[in-house]
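# Fold and geometry: a report
The chain contents come next:
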Amino acid sequence: MEHCELLALVTGGSRGIGRIICEQLQKDGYQVLAPSRSELDLANIETVKNYISKNKNRPISILINNAGINFPAPIENILLDQWQSTLQVNLTSPFMLIQGLTQHMKKQRYGRIVNISSVFSFVTRENRAAYSAAKSGLNGLTRTAAVEFGPYNILVNSVCPGYIDTALTRQNNSPEQIKTIIESIPLGRMADAVEIAELVSFLTSDKNSYITGHTVVADGGFTCK
Ligand SMILES: NC(=O)c1ccc[n+]([C@@H]2O[C@H](COP(=O)([O-])OP(=O)(O)OC[C@H]3O[C@@H](n4cnc5c(N)ncnc54)[C@H](OP(=O)(O)O)[C@@H]3O)[C@@H](O)[C@H]2O)c1
């Protein structure tokens, strides 16, 4: 498959890990669509439906469900709106995009989908109920999509980053918590977003011809401890 023929859609491409994934996929030779939140608000079912109906005939071969949100709060204080929007952005909208934007992949019998999950889909900590539930669900969606789309040569995987040095991490942890986090990682540092983008680059490339339905953890050894 010639890369110049391939169109990749990356959600949450404006900043953080998503921006670096977009840059990496461009380097890899893909044409990258990275809709802004005003074009595709993943928190709003109607705008997701509109985006899908406008774009369903585009020749998208690669879909990266990267955008994610997290409102850390103890279970007793989570507002239902926050719970629902965390599930909407992290799980339901990725499901809708997989359901609505894979026609071309099926027709051409080639596609790659990567869902950006989290180590908090396996382990957790306090205040992460909605986020952990959503990311665990995303791993389940990955496995079922891999089974259903395997016959079309569409490979579907989750990437589970540990702690990455981005705005989301700094927003959800105090400087003291960041220090403790770094001490808990065997490699002694948070990851650079480039390290996640390179993994996504492999999983979306022709070099990955047999890994599907997996949740690939990149966490510097964090979950081993
Ligand atoms: N950072 C980490 O340590 C870490 C660890 C594990 C997993 N992850 C996962 O990696 C992914 C990227 O995280 P990040 O750290 O790069 O996050 P980030 O820096 O906070 O960026 C989040 C991205 O998602 C977009 N987004 C948020 N809500 C949206 C909505 N309603 N509609 C459309 N786009 C929306 C943002 O767009 P705007 O610019 O419009 O806000 C932004 O592009 C997420 O799925 C996150 O759960 C991150």
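Preceding this section is the structure that the text describes.
Notes on the structure in this doc start here. The structure displayed is predicted, hence computed values, not measured ones.

### Re the packing of helix H2 (residues 45-55) against helix H3 (residues 80-100)
It is the contact of H2 with H3, at a shortest axis distance of 10 Å, that shows an interaxial angle of 25°. Classified by the angle between their axes, H2 and H3 sit roughly parallel to one another. In the packing of H2 onto H3, the handedness of the crossing is right-handed. Along its contact with H2, which presents Ile45, Val48, Lys49 and Ile52, the element H3 presents Gln88, Ser93, Met96, Leu97 and Gly100. Here the residues of the contact of H2 with H3 sort into 5 nonpolar, 3 polar and 1 charged.

### Considerations on the site of the ligand
Near the ligand there are 28 residues, and of these Ser14, Arg15, Asn66, Tyr131 and Thr166 occur at the shortest range. Within the side chain of serine 14, an N or O atom sits 2.5 Å from an oxygen atom of the ligand. The contact in question runs from an oxygen atom of the ligand to an N or O atom on the backbone of asparagine 66, over 2.7 Å. Protein contact buries 91% of the 900 Å² of open area that the ligand shows by itself. The set of elements that each furnish at least two residues to the shell around the ligand consists of helix H1 (16-27), helix H5 (129-149) and helix H6 (167-172).

### A few points about the environment of threonine 11
In this fold, threonine 11 is placed in the loop between strand E1 (7-10) and H1. Look at threonine 11 and you get buried, because its relative accessible area is 2%. Sequence spacing of threonine 11 and aspartate 41 is 30 residues, and the spatial spacing of their C-alpha atoms is 9.7 Å. Those residues in contact with threonine 11 that sit more than four places away from it in its chain are Leu40, Leu42, Ile64, Asn65, Asn66, Ala67 and Leu97. There is a polar contact of 3.0 Å between the side chain of threonine 11 and the backbone nitrogen of alanine 67.

### Some points on a nonpolar patch on the surface
A cluster of nonpolar side chains, contributed by Phe122, Val123 and Val217, occupies part of the molecular surface with about 220 Å² of accessible area. Relative to the helices and strands, valine 123 is located in the loop between strand E4 (111-116) and H5.

### Some words on the packing of aromatic side chains
Under the counting rule described, the total for this entry stands at 2 aromatic pairs. Considering the side-chain rings of phenylalanine 120 and tyrosine 163, the 6.0 Å spacing of their centres and the 85° angle between planes classify their relative orientation as edge-to-face. Residue phenylalanine 120 is located in the loop between E4 and H5, and its partner tyrosine 163 is located in the loop between strand E5 (154-161) and H6; the two are separated by 43 residues in the primary sequence. Accessibility expressed as a relative area gives 8% for phenylalanine 120, which makes it buried. With 5.3 Å between their ring centres and 85° between their planes, tyrosine 163 and phenylalanine 222 make a pair best called edge-to-face. Of this pair, tyrosine 163 sits in the loop between E5 and H6 while phenylalanine 222 sits in the segment after strand E6 (215-218), and the two are 59 residues apart along the sequence. Just as tyrosine 163 is buried, phenylalanine 222 falls in that class too. The ring of tyrosine 152 has lysine 106 sitting right over it, with the charged end atom 5.5 Å from the ring centre.

### Considering the environment of threonine 144
Here threonine 144 shows up in helix H5. For threonine 144, a relative accessible area of 42% corresponds to the partly exposed category. Taking the C-alpha atoms as reference, threonine 144 lies 7.5 Å from glycine 213; in sequence the two are 69 residues apart.

Rules used throughout
- Residues numbered from 1 in each chain as written.
- Predicted model: local features only at pLDDT ≥ 70, side-chain atom pairs only at ≥ 80, totals over all residues.
- Heavy atoms only, no water.
- Axes fitted to C-alpha atoms, helices over the stretch in contact; angles between N-to-C directions.
- Helix = DSSP H or I, 4+ residues; strand = E, 2+ residues; numbered from the N terminus.
- Parallel < 35°, antiparallel > 145°, perpendicular 65-115°, else oblique.
- Left-handed = near helix turned anticlockwise from the far one by under 90°.
- Contact = heavy atoms within 4.5 Å.
- Nonpolar A, V, L, I, M, F, W, Y, C, P; charged D, E, K, R; others polar.
- Near = heavy atom within 4 Å.
- Polar contact = N/O pair within 3.5 Å; in protein donor to acceptor, adjacent residues only side chain to side chain.
- Areas by Shrake-Rupley, 256 points an atom, 1.4 Å probe, with all protein chains shown as cover.
- Buried < 20%, exposed > 50% of the residue type's maximum accessible area, 1.4 Å probe, protein only.
- Patch = residues over 30% accessible without salt bridge, like charges linked within 9 Å, V, L, I, M, F, W, Y side chains within 5 Å.
- Salt bridge = Lys/Arg side-chain N within 4 Å of Asp/Glu carboxyl O.
- Phe/Tyr/Trp six-rings, centres within 6.5 Å; stacked < 30°, edge-to-face > 60°.
- Lys NZ or Arg CZ within 6 Å of the ring centre and 35° of its normal.

Worth remembering: the numbers are spatial, not functional.
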